[in-house]
Amino acid sequence: RHHVLAGVLSVEAGQDVKLGENWFVTPQLQLIWGDYHAKVFYDGFGTRFELLETPEVRGRLGLAAEHRLTDVDARGGAVTTRFYGIGNLYYDFMGRNGIDVSGTPLTREQDELWGGVGLGASRDWLDGAYRVFTEADARAGLEHFADSYSITGRLGVAARW
């Protein structure tokens, strides 16, 4: 058995600014803190593993542009379709972590400053009670561009009650 205690706290602020009938831009600011504590553990071969615990603090500064179309369904509820693009800068303030394997420390080294772009679309109905969405995001370290990158995609369904 492995015992790990982890926690994350995120605070985000943003404000829609209307540019035209259906166009909005949203400047965004986010701060994320995460920490974990784990006991030493051994695998089936007796190898000792110890997580090197360091809290992680990351910031995000972003600007999103969105085209929003709102209509009314047969029941009189709002149906909203959104298409958007976003640009982000991410900064890792103190997130150096790794693992010690039988006395040999293995640490993660990555750029502190990252840039990212993303595209997405969503459709809400019944006044926002239900939503389907898709997003694609690409990020890269700005110090060593080709060495550190990630590409992600999401597809989802959400319900509010």
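Residues numbered from 1 in each chain as written. Predicted model: local features only at pLDDT ≥ 70, side-chain atom pairs only at ≥ 80, totals over all residues. Heavy atoms only, no water.

Here's the deal with the sheet that holds strand β4 (residues 41-42)
Then, in step 1: If you trace the four strands from one edge of the open sheet to the other, you get β4-β5-β8-β9, paired in antiparallel fashion. Looking at which strands have only one partner, the edges of the open sheet turn out to be β4 and β9 (104-107).
Then, in step 2: For β4 and strand β5 (residues 48-52), the ladder comprises two bridges, and the chain directions are antiparallel. Residue pairing for β5: Phe-41 is matched across the bridge by Phe-49. (Pairing = 2+ DSSP bridges. Helix = DSSP H or I, 4+ residues; strand = E, 2+ residues; numbered from the N terminus.)

Things to note about the pattern of salt bridges
Then, in step 1: Taken as a whole and assessed by the stated rule, the structure comprises nine salt bridges.
Then, in step 2: A salt bridge links Arg-58 to Glu-56; the nearest nitrogen and oxygen atoms lie 2.9 Å apart.
Then, in step 3: Accessibility expressed as a relative area gives 30% for Arg-58, which makes it partly exposed.
Then, in step 4: With a shortest N-O distance of 2.5 Å, Arg-68 and Glu-66 are connected by a salt bridge.
Then, in step 5: Judged by relative accessible area, Arg-68 falls into the buried class, the value being 17%.
Then, in step 6: Members of the salt-bridge network, linked through shared partners, are Asp-16, Glu-66, Arg-68, Arg-82 and Asp-124. (Salt bridge = Lys/Arg side-chain N within 4 Å of Asp/Glu carboxyl O. Buried < 20%, exposed > 50% of the residue type's maximum accessible area, 1.4 Å probe, protein only.)

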